[in-house]
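Fold and geometry: a report
The residues making up each chain are set out below.
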Amino acid sequence: MACTPIITGSEFLLRTLSHIDCQAQLVGSYGYQALGQPGSPASTMTLSLLTVFIAFIGIRLMFGPPLGSRDIVFDVLKIGIALTLAFSWPAFRTVVYDLTLKGPAEIASVIQSGSGYASTLGFAERLQQTDNAIAELTRLGAGRNSGALIESTAPGGSFQSAAIEDDQAYGMARLLYLSGVIGSLALLRIGAGLLLALAPVVAGLYFFTQSRGIFAGWLKGLIFTFAGSIGTTIVLSVELAVLQPWLTDALRVRGLGYATPSAPTELFAMTLAFAVTLLMMLWLLAKVVFYRGWLTLPEFPRREDPERWPTPAALAAGTAAQVQLLRTERLSNTIESSTRRDTVRTSERLVHGPSATRSRSGTTSAPVSSDTPRLGSSNPRTTPRVSRSFERRDRT
């Protein structure tokens, strides 16, 4: 596929942009097909990674914990996505290639139509028309020797107030204009073509978690070229909207024989400002695309609601109530333990009777003669022993 040759003259910028776009399409389409064809190193690497991935799934099924249906579905989706990106050119062209290389122009044209920047001429033709106007104004000059001054008393109405030489200002202005247009579009278009060509290589890295970051970076790079193309087109459209009326007026004034002493500095300032704007636009879009995580806002102090949040007095009262409850519970447990212990002792006396009893220390007391009555056996206690202090605590 032969691209349009670049020639000097009135079609330099138009042919340069057409050639860059052609090279990007060549790199993206033919590079992808060369890397994705059977037997290529990229296809071999992708198939090897696919084999290892399937082998890991088999090992997990045989020796690992049972896989859920969600994991199996996600693994099948990974295989389908990777194989589509690596070996299916028709699907890749429809979903990724055309969207990356042709989608930005369509979106930018819709934005331009809604913003009032639309024109019957194409975007590249308008850029070339502006470059021709700058070249014509450079040829005519500012009228230093032969032009008459329109308003000599106005700011910048004389040649003494010029901040830069006329020829140098015109030359630098056209240089900034051409380099800004060609450099930004070449970066985005050739970068997109290279990333599209590397799709068969990057597709195999999507299988594993350790290499999935490279795949995510590749995808973010495509998104950056997509968004950058739209942003660059919009910035250049605004630049054309500013430069074209200004150049038309400057050429009309010079055609009438009047001088334009402020034109070189004004043109140089405008082209320099838009060149910086292009760089800052690309930097801003890169920050947005490659930002990691979610933006979190700091927590601001909130006013306490007395109906929702308890007051310090209520907190103190609640703490005192909890302390009183703990004391009451501890006292109840103590009384319950003492009552249980007295009941057990009384039951042991009634059961053993005159026979030998085992003390709580584990020793056996000596047997008591049957003729001699046991101490307290004549009138045994049938109720637990209750002391006066116990009765006082119970009443309390």
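Residues numbered from 1 in each chain as written. Predicted model: local features only at pLDDT ≥ 70, side-chain atom pairs only at ≥ 80, totals over all residues. Heavy atoms only, no water.

1. Observations concerning the overall build of the chain
Threshold: Working definition: helices are DSSP H or I runs of at least four residues, strands are E runs of at least two. Numbering for both runs from the N terminus. Between buried and exposed lies partly exposed: a residue is buried under 20% and exposed over 50% of the maximum accessible area for its type, with that area taken using a 1.4 Å probe on protein chains only. Whether two residues touch is decided by their heavy atoms; if any such pair falls within 4.5 Å, the residues are in contact. Per-residue and other accessible areas follow the Shrake-Rupley method at a 1.4 Å probe size, with only the shown protein chains counted as cover for residues.
Across its full length, the chain holds twelve helices and zero strands. Per-residue burial for the chain yields a buried fraction of 31% across its 396 residues. Residue pairs at least 24 apart in sequence account for 78% of intrachain contacts in the chain once pairs closer than 6 positions are excluded. Here the chain displays about 25400 Å² of accessible surface, and carbon together with sulfur accounts for 62% of that area.

2. So, a nonpolar patch on the surface
Which entries qualify depends on this criterion: For patch detection, residues must exceed 30% relative accessible area and be free of salt bridges, and they are connected within 9 Å for like charges or within 5 Å for nonpolar side chains (Val, Leu, Ile, Met, Phe, Trp, Tyr). Salt bridge, as used here, is a side-chain nitrogen of Lys or Arg placed within 4 Å of a carboxyl oxygen of Asp or Glu.
Side chains of Leu272, Val276, Leu279, Met280, Trp283, Leu284 and Val288 sit close together on the surface and give an oily, nonpolar patch of about 710 Å² of accessible area. Assignment of secondary structure puts Trp283 in helix 10 (residues 263-289). We classify Trp283 as exposed; its relative accessible area is 52%.

3. Considerations on helix 10
Put simply, the rule is: One fewer than the residue count of a helix, multiplied by 1.5 Å, yields its expected span.
For helix 10, built from 27 residues, the straight-helix expectation of 39 Å at 1.5 Å per residue is met to within 8% by its first-to-last C-alpha distance of 39 Å. Inspection of helix 10 places Ala263, Pro264, Leu267, Phe268, Met270, Thr271, Phe274, Ala275, Leu278, Leu282, Leu285 and Val289 among the buried residues, and these make up the whole buried set. Where helix 10 is buried, its residues contact helix 6 (123-140), helix 7 (166-197) and helix 9 (212-255).

4. Side note on the layout of surface pockets
Rules: In this analysis a 1.4 Å probe is tested at points of a 1 Å grid over the protein atoms alone, and where it fits but cannot get out there is a cavity; an open set with protein on both sides within 12 Å along at least five of seven lines is a pocket; lining residues have an atom within 4 Å of a point. Grid points are joined across faces, edges and corners, and a volume is the space filled by probe spheres set on the points. Residue classes follow a fixed rule: Ala, Val, Leu, Ile, Met, Phe, Trp, Tyr, Cys and Pro count as nonpolar, while Asp, Glu, Lys and Arg count as charged, and any other residue, Gly among them, counts as polar.
Volume-wise, the largest pocket comes out at about 600 Å³. Here the residues of the lining of the largest pocket sort into 13 nonpolar, nine polar and five charged.

5. Focus: the packing of aromatic side chains
Counted only if it meets this: Stacked, tilted and edge-to-face are the three classes assigned to paired rings of Phe, Tyr and Trp, where Trp is represented by its six-membered ring and a pair needs centres within 6.5 Å; plane angles under 30 degrees give stacked, over 60 edge-to-face, the rest tilted. Our definition puts a charge over a ring when NZ of Lys or CZ of Arg is within 6 Å of the ring centre and also within 35 degrees of the ring normal.
Under the counting rule described, the total for this entry stands at eleven aromatic pairs. Each ring, one from Phe56 and one from Phe208, has its centre 6.1 Å from the other, and the planes form 80°; the classification is edge-to-face. Here Phe56, found in helix 2 (residues 41-63), pairs with Phe208, found in the loop between helix 8 (199-203) and helix 9; they are 152 residues apart in sequence, far enough to count as distant. The interplanar angle of 50° and the centroid separation of 6.1 Å between the aromatic rings of Phe224 and Phe290 together place this pair among those described as tilted. One end of the pair, Phe224, is in helix 9; the other, Phe290, is in the loop between helix 10 and helix 11 (312-352), and 66 residues separate them in sequence. Residue class for Phe224 comes out buried when judged on its relative accessible area of 16%. Taken together, the ring pairs connect Tyr32, Trp89, Phe92 and Tyr97 into an aromatic cluster. Over the face of the ring belonging to Tyr206 we find Arg212, whose NZ or CZ atom lies 5.7 Å from the ring centre.

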